[in-house]
Each structure stands twice: as structure tokens, then as C-alpha cells.
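The lines below spell out each chain.
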Amino acid sequence: MLSELEQEILMEIANGLCNKGIAKKHHISQRSVETHLSCIFNKLHVSSRIEAVEKAKP
């Protein structure tokens, strides 16, 4: 299960934001965004942003 922040990051990806934009919006570092993305990929068993967004769709 994705955390609330991971869900928000996934939504930002779906809306086309880059890591830098996501970091600015959530007041975290780009490295933190990358770490969260890695966790998202692991939890969803995917290897790309596109796959993550597709798999997370209802």
C-alpha cells in the first residue's frame, strides 16, 4: 500500500510534473522524490513512471 505522500507523488507524475517540480511543490529535495519513486516502483512491481501511473489507475 502506498503512503499518502507516495500517492500524491504518483498523481503529480500523472499530471506531468518532473522530479524537480514535485520536489518544489512538496518542499522536499529531488533526492527525496527519487527515493519515494523507487519505493513506489517496488510496491507496484514496475520499473518506470509510465508503468506506475498505468498500474495505479482504477
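Refer to the structure printed above.
Cut-offs used in this document
By convention here, each chain's residues receive numbers from 1 onward along its written sequence. Only residues with pLDDT of 70 or above have their local features reported here, since the model is predicted, and side-chain atom pairs are shown and tallied only from 80 upward, although totals for entire chains, interfaces and linings are computed over all residues. For side-chain calculations, the full set of non-hydrogen atoms in the structure is used, while hydrogens and water are omitted. Here, a salt bridge means any Lys or Arg side-chain nitrogen found within 4 Å of an Asp or Glu carboxyl oxygen. Secondary structure counts use DSSP, requiring at least four H or I residues in a row for a helix and at least two E residues in a row for a strand, with both numbered from the N terminus. Whether a residue is buried, partly exposed or exposed follows from its accessible area with a 1.4 Å probe, protein chains only, as a fraction of its type maximum: under 20%, in between, or over 50%, in that order.

### A word on the pattern of salt bridges
Following the criterion strictly, the structure yields four salt bridges and no others. Two residues, glutamate 12 and lysine 25, come together in a salt bridge whose shortest N-O distance is 3.1 Å. Of this pair, glutamate 12 sits in helix α1 (residues 4-14) while lysine 25 is found in helix α2 (residues 19-26), placing the two residues 13 residues apart along the sequence. Looking at glutamate 12, the relative accessible area reads 8%, which means it is buried.

### Section: unusual backbone geometry
Residue histidine 27 is not a glycine yet carries a positive backbone phi of 55°. Turning to its location among the elements, histidine 27 is positioned in the loop between α2 and α3 (30-44). Since its relative accessible area comes to 74%, histidine 27 is described here as exposed. At histidine 45, a residue that is not glycine, the phi angle is positive and equals roughly 60°. Looking at the element boundaries, histidine 45 is found in the loop between α3 and α4 (49-56).

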